[in-house]
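# Report on the structure
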Amino acid sequence: PSSDTDISQNHLRTHTMLSAIALCLVSLTLQTATAAKSCAAKSCAANDDTDTVVAIKRKSMIQRRADFLAGVELKVHPDSAVAKTGRGEWIIYPEGNCGQEDLESLAEDMPTDTRAILHGHPDKGGLCFFVMEGTREGVLQKLAMHRWNGTPRVEADTALYVDAEPAQESELLEDDVEADVPWGLDKIADKEGNMMGELNGRGVDVYVWDTGIRTSHEEFGGRAVPALETFGSEPRECTDTDADCAADEHGHGTFCAAIIGGNSVGVAPNVKLHAVKVIDGPVGKVTSLHTALDWLLQQNLASSSTVFSLSLNLQHPDP
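Anyway, here's the lowdown on the structure attached to this text. (Residues numbered from 1 in each chain as written. Predicted model: local features only at pLDDT ≥ 70, side-chain atom pairs only at ≥ 80, totals over all residues. Heavy atoms only, no water.)

### What about the overall build of the chain?
- Along the chain, the regular secondary structure elements total 9 helices and 13 strands.
- For the chain, with 319 residues in total, the buried portion stands at 41%.
- Put simply, 75% of the contacts in the chain that link residues at least 6 apart link residues at least 24 apart.
- As displayed, the chain offers around 17,800 Å² of accessible surface, 51% of which is attributable to carbon and sulfur atoms. (Helix = DSSP H or I, 4+ residues; strand = E, 2+ residues; numbered from the N terminus. Buried < 20%, exposed > 50% of the residue type's maximum accessible area, 1.4 Å probe, protein only. Contact = heavy atoms within 4.5 Å. Areas by Shrake-Rupley, 256 points an atom, 1.4 Å probe, with all protein chains shown as cover.)

### Regarding the sheet that holds strand β2 (residues 87-93)
- Taken in spatial order, the 5 strands make up an open sheet running β1-β5-β2-β4-β3, and their pairing is mixed. Both edges of this open sheet fall to β1 (74-75) and β3 (115-119), since each of them pairs with a single strand only.
- Note that β1 and strand β5 (residues 153-156) share 2 bridges and pair parallel. Looking at β5, one finds that Leu74 is bridged to Val154.
- In this fold helix α5 (residues 136-145) packs onto β1, β2, β4 (130-135) and β5, with an angle of close to 130° to the strand it touches most, β4.
- Helix α9 (residues 287-298) rests against β2, β3 and β4 of the sheet, and its axis sits at about 40° to β2. (Pairing = 2+ DSSP bridges. Axes fitted to C-alpha atoms, helices over the stretch in contact; angles between N-to-C directions.)

### So, the environment of Ser80
- Examined against the element boundaries, Ser80 turns out to sit in the loop between β1 and α3 (81-85).
- Residues in contact with Ser80, not counting those within four places in the same chain, are Ala156, Asp157 and Thr158.
- A polar contact is formed between the side chain of Ser80 and the backbone oxygen of His77, at a distance of 2.7 Å.
- Engagement of the side chain of Ser80 in a polar contact is seen with the backbone nitrogen of Ala83, the distance being 3.2 Å. (Polar contact = N/O pair within 3.5 Å; in protein donor to acceptor, adjacent residues only side chain to side chain.)

### A word on the pairing of strand β6 (residues 159-162)
- Going residue by residue along β6, you find Ala159 and Tyr161 tucked away on one face and Leu160 and Val162 tucked away on the opposite face as well.
- Looking at chain direction, β6 and strand β11 (residues 283-285) are connected through 3 bridges and run antiparallel. Residue Tyr161 lies in a different strand from β11, and its bridge partner there is Val283.
- Note: β6 against strand β13 (residues 312-313), 2 bridges, orientation antiparallel. Along β13, the bridge assignment pairs Val162 with Leu312.

### Some thoughts on the nonpolar core
- If you look at the biggest cluster of nonpolar residues, it comprises 19 residues, and the most contacted ones within it are Leu74, Trp90, Leu143 and Val154.
- Elements with a contribution of two residues or more to this core: α2 (46-70), β2, α4 (100-106), β4, α5 and β5.
- If you tally residues by element for this core, the top one is α5, at 4 residues.
- Judged by nonpolar contacts, the second largest core, of 16 residues, contains Val208, Phe220, Cys238 and Ala268. (Core = buried A, V, L, I, M, F, W, Y, C linked by side-chain atoms within 4.5 Å.)

### Thoughts on the pattern of salt bridges
- One pass over the structure, following the stated rule, counts 7 salt bridges.
- Across the salt bridge formed by Asp242 and Arg236, the nearest N and O atoms sit 2.9 Å from each other.
- For Asp242, a relative accessible area of 23% corresponds to the partly exposed category.
- Residue classification places Arg236 among the partly exposed residues on the basis of a relative accessible area of 34%. (Salt bridge = Lys/Arg side-chain N within 4 Å of Asp/Glu carboxyl O.)

### Quick word on the environment of Thr215
- Position of Thr215 relative to the elements: it lies in the loop between β7 (205-210) and β8 (224-229).
- For the pair Thr215 and Asp244, spaced 29 residues apart in the sequence, the C-alpha separation amounts to 9.9 Å.
- Every residue in contact with Thr215, bar those within four places of it in the chain, is listed here: Phe220, Ala224, Val225 and Pro226.

### Describing the side chain of Arg223
- Considering the arrangement of structural elements, one finds Arg223 in the loop between β7 and β8.
- In this structure, Arg223 is buried with no salt-bridge partner, the nearest side chain bearing the opposite charge being Glu219 at 6.5 Å.
- A polar atom in the side chain of Arg223 sits 3.1 Å from the backbone oxygen of Pro269.
- Excluding its chain neighbours within four sequence positions, the residues that come into contact with Arg223 are Gly261, Gly262, Asn263, Pro269, Asn270, Val271, Lys272 and Leu273. (Lys, Arg positive; Asp, Glu negative; His and termini not counted.)

### Brief notes about the packing of aromatic side chains
- Within this structure, the stated rule accounts for 2 aromatic pairs.
- When the centroid spacing of 5.9 Å and the interplanar angle of 90° are considered together, the rings of Tyr207 and Phe308 count as edge-to-face. One end of the pair, Tyr207, is in strand β7; the other, Phe308, is in strand β12 (residues 306-310), and 101 residues separate them in sequence.
- On the basis of relative accessibility, which here comes to 36%, the residue Phe308 falls in the partly exposed class.
- An aromatic cluster of at least three residues, connected via ring pairs, comprises Tyr207, Trp209 and Phe308. (Phe/Tyr/Trp six-rings, centres within 6.5 Å; stacked < 30°, edge-to-face > 60°.)

### Thoughts on the sheet that holds β13
- Across the sheet, which stays open at both edges, the 3 strands sit in the order β11-β6-β13 with antiparallel pairing between neighbours. Either end of the sheet is taken by a strand with one partner, and the two such strands are β11 and β13.

### Structural notes on the pairing of β4
- Within β4, 5 of the 6 residues are buried, leaving the element largely enclosed by the surrounding structure.
- Pairing of β2 with β4 involves 6 bridges; the strand directions are antiparallel. By the bridge assignment, Arg87 is partnered in β4 with Thr135.

If you want it as structure tokens, here you go:
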């Protein structure tokens, strides 16, 4: 977590930038006043009038940028790389109408020592967001360079955690398989022991956002397929036959998928399971969720027969 000293330094850097803008305003105000006084003392040439107008416009523009930056909050989460090292990835959410051209223009003319990472695809039905890497000062410079329709929301990318250890989950899954009626299924069944009816989830697609799924597991009977990976630098769309894509090397995703649609331990043993790998181990990052949702929304999946499942945590699990 950030210390009081870190927070004070962040505020100091922000105020330093705003103070620099204020100095520019003072300088331009003096230039404008001098030009106007000179014009009053003698007949001004056309060039003098033009210079005065330009100075006034520059002053107005700088003032607007100063006012804009003062109204933008840069939220830094305690578990973010920015809080720990002073630099990292930042997520910017534009306000108001957001088009593809707006997000693509943000990636142009990046300030020194910053870089554009990725953005959403609102024109295709996806999300409106932009991710860049840099320091707090770099983000403020980028914000000042862009023309905004409203005040954007800005936050540092933060950590994403798996809730439990795979060893614990493996033991639970084995216990459930060996039991006549798994504990969880017994708790959600009605008095006659029925749960989902005759269909048992047939015709339903469940997208499991987690550490991936071991699609070859006998609990799935060929009903689990890889769909997407977003934990790396670039999203990777899977084919149904690519066993290496969205593969689970941790165990949490396979455990969750079995609870949903396992043959002997699942609530709905006839659903089709789609592996969406947003985390590659016990710790990941929130931008992976943004990328996954952006992709899924572009697939026109929103219907009564589509379910998204997410069983991860934004808070570090207790040791």
